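# Descriptive analysis of the structure
For reference, the chains in residue letters:
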Amino acid sequence: HDPSFKQQEGARYSARDLAVYRARLQGARVLLGSATPSLESWQRANEGRYQRLALPSRIGGALLPRVRLVDMNQQPKERGGAGLSPPLLAAIRERIARGEQSLVFLNRRGYAPVLHCADCGWKSGCPHCSAWRVFHKLDRTLRCHHCGFTERVPRACPECGNLDIAPIGRGTERLEEQIGTLLAAGDGALPRIARIDADSTRLKGSLEAQLGAVHAGEVDVLVGTQMVTKGHDFRRITLVAAVNPDSALFSSDFRAPERLFALLMQAAGRAGRSAEHAQGAEMWVQTWHPQHALYAALRRHDFAAFAASQLEEREAAGLPPFAHLAMLRADARQAEQAQAFLQAAAEIAATLPGAEAVSVYAPVPLPVARVANVERMQMLVESASRPALQRFLAAWAPALHGLRRGGAHKVLRWAIDVDPLSI
């Protein structure tokens, strides 16, 4: 199910789908394993194209963790922007007192997503990208996570000279700091906190060392991004908490709920993995929307119900796996150049054999339209038939090569991405 199996640059391919195709050529079998299969694979199993083998119980007979939803609408207003609710803090303290571990994850690294000046409204934008530079407190830098452009934090607002510029929002670095402060405030004892994300594991061997400390019981609370929520066998963790996962519920990408459910289910699987600590294992989710159907299915660990509701929505909307998509992407120095290339590509598409079997949508910018001074645009192609889509793309690609060689459209690069994972 994991999107990392899809190569997004260079030769774009899905390792999962390529394995299935190669096995068909070789007469071999493929085993796809996941607690949260992709909806494409799940639908193929529903149709009988894949054989479904269920594993209804955890290894060693351990129980699945209880899922608890914290309704943030009912919690007191945060003091100083603290990230954890009082009930969750109390639960973490209980785990520390019993010698157990907790995992708190937030899928945003750095200290804060942006620095802001309250006087003039300045924000720490990146001059090379249509994105904010993230504040990293440890080395006092503003860093763009798209192009890597880094500068020292200014002493005052660059626009008005105000000395009081403040961070907005929360990343794992700030969450680690706040958890340490809040837990120490209880009885004065300092909890042992570790943070694992792309920033704390840059040095060679640092990830292995930090994971080793967690496995050895030298950490009370582990803070991290999604890199600590999948695949790890943490034997002492009995509580997993998700901070602020709601944004995916309202994403424009139709796959966002599927990714969120998979992430939360995989994260819950880090708790109670040993029989010794399985009793009382919990997954806490802080949410402003506790009545959402996604969370109702999560509480029951009911992937089948979630998948059924999502597939029903997608079939009604004509989305994968009931339709087949491709994305033509174009990068250029100016957005107008990329748009002109895509417009010309759409005109060519209308003249190709089989064009009536596909729909070509208007060009639009990517959500982060400019990265490293390169403007990026995309155009979606849709068909109810995969063979029809493949025949169309086979005829379209040579024409696109000719379009660029003609010199009329100065794009830096273009690519066709079949079955795009991010729209």
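Whatever comes next refers back to the structure up there.
Figured I'd write up the structure that's included with this text. Being a predicted model, the structure only gives us computed values, none of them experimental. (Residues numbered from 1 in each chain as written. Predicted model: local features only at pLDDT ≥ 70, side-chain atom pairs only at ≥ 80, totals over all residues. Heavy atoms only, no water.)

Before going further, it helps to spend a moment on the overall build of the chain. What the chain contains, in helices and strands, is 11 helices and 16 strands. A compact globule built from 423 residues would reach a C-alpha radius of gyration of about 22 Å, and the chain, at 24 Å, matches this within 12%. Dimensions of the chain, computed from the C-alpha atoms along their principal axes, are close to 75 × 60 × 40 Å. Out of the 423 residues in the chain, the part that is buried amounts to 46%. Summed over all atoms, the accessible surface of the chain reaches about 21800 Å², with 53% contributed by carbon and sulfur. Between the mean site of the 52 positive side-chain charges and the mean site of the 41 negative ones, the chain shows a separation of 3 Å. (Helix = DSSP H or I, 4+ residues; strand = E, 2+ residues; numbered from the N terminus. Rg over C-alpha atoms; globule rule 2.2 N^0.38 Å. Buried < 20%, exposed > 50% of the residue type's maximum accessible area, 1.4 Å probe, protein only. Areas by Shrake-Rupley, 256 points an atom, 1.4 Å probe, with all protein chains shown as cover. Lys, Arg positive; Asp, Glu negative; His and termini not counted. Charge placed at Lys NZ, Arg CZ, Asp CG, Glu CD.)

Once that is clear, we can look at the packing of helix H2 (residues 39–46) against helix H9 (residues 303–317). Think of two packed helices as two axes; the pair is described by the angle between the axes and how far apart they sit. One can describe the packing of H2 onto H9 by two numbers: an axis separation of 11 Å at closest approach and a directional angle of 95 degrees. In terms of their interaxial angle, H2 and H9 are classed as roughly perpendicular. Taking contact as the criterion, the partners of Leu39, Glu40, Trp42, Gln43 and Asn46 in H2 are, on H9, Phe303, Ala304, Ala307, Gln310, Leu311 and Arg314. The residue inventory of the contact of H2 with H9, partitioned by class, reads 6 nonpolar, 3 polar and 2 charged. (Axes fitted to C-alpha atoms, helices over the stretch in contact; angles between N-to-C directions. Parallel < 35°, antiparallel > 145°, perpendicular 65-115°, else oblique. Contact = heavy atoms within 4.5 Å. Nonpolar A, V, L, I, M, F, W, Y, C, P; charged D, E, K, R; others polar.)

With parallel pairing, 6 strands are arranged side by side in an open sheet as S1-S11-S10-S2-S9-S8. The open sheet has two edge strands with one neighbour each: strand S1 (66–71) and strand S8 (193–196). Between one strand axis and the next, the sheet turns by 20 degrees as a mean value, whatever way the strands run. Pairing analysis gives 4 bridges linking strand S2 (residues 101–105) to strand S9 (residues 221–224), with the strands arranged parallel. In the sheet register, Val104 faces S9, and the bridge partner there is Val223. Across the sheet, helix H3 (residues 86–97) is in contact with S2, S9, strand S10 (237–242) and strand S11 (282–287); its angle to S10 comes to roughly 160 degrees. Sitting on the sheet, helix H5 (residues 206–215) touches S2, S8 and S9, and the angle it makes with S8 is about 140 degrees. (Pairing = 2+ DSSP bridges.)

For the structure on display, the rule yields 28 salt bridges. Put simply, Arg133 and Glu151 hold a salt bridge, and the shortest N to O gap is 2.9 Å. Within this pair, whereas Arg133 is found in the loop between strand S3 (114–117) and strand S4 (134–136), its partner Glu151 is found in strand S6 (residues 150–152), the two being separated by 18 residues in sequence. On the basis of relative accessibility, which here comes to 7%, the residue Arg133 falls in the buried class. Assessed through its relative accessible area of 38%, Glu151 is described here as partly exposed. Asp331 is the partner of Arg413 in a salt bridge, and the nearest nitrogen-oxygen pair spans 2.9 Å. One end of the pair, Arg413, is in strand S16 (residues 413–418); the other, Asp331, is in strand S12 (residues 324–332), with 82 residues separating them in the sequence. Put simply, Arg66, Arg68, Arg95, Arg98, Glu100 and Glu282 are held in one network by salt bridges that share partners. (Salt bridge = Lys/Arg side-chain N within 4 Å of Asp/Glu carboxyl O.)

This brings us to unusual backbone geometry. For the bond running from Pro320 to Pro321, omega is 10 degrees, close enough to zero to count as cis. One non-glycine residue, Ala372, adopts positive backbone phi at about 55 degrees. The topology assignment puts Ala372 in the loop between strand S14 (364–371) and strand S15 (374–383). The class for Ala372 is partly exposed, based on a relative accessible area of 39%. The backbone phi angle of Asn373 is positive, close to 65 degrees, even though this residue is not glycine. Take Asn373: it is sitting in the loop between S14 and S15.

As enumerated under the stated definition, the model contains 6 aromatic pairs in all. Directly above the aromatic system of Trp42 lies the positively charged group of Arg52, at a separation of 3.8 Å from the ring centroid. (Phe/Tyr/Trp six-rings, centres within 6.5 Å; stacked < 30°, edge-to-face > 60°. Lys NZ or Arg CZ within 6 Å of the ring centre and 35° of its normal.)

With that settled, consider H2. Of all 8 residues in H2, 7 are buried, a share of seventy percent or more. Taken together, the buried positions of H2 are Leu39, Glu40, Ser41, Trp42, Gln43, Arg44 and Ala45. Of the surrounding secondary structure, the elements contacted by the buried residues of H2 are helix H1 (15–26), helix H6 (256–268) and H9.

Moving on, we come to the nonpolar core. By size, the foremost hydrophobic cluster in this structure holds 37 residues, and its most contacted members are Leu264 and Met283. For Met283, the contacting residues outside a window of four places in its chain are Pro65, Arg66, Val67, Arg68, Phe105, Val240, Ala242, Leu264, Ala267 and Ala268. In terms of nonpolar packing, the next biggest core, distinct from the first, is built from 23 residues, Ala332, Ala344, Val381 and Phe392 among them. (Core = buried A, V, L, I, M, F, W, Y, C linked by side-chain atoms within 4.5 Å.)

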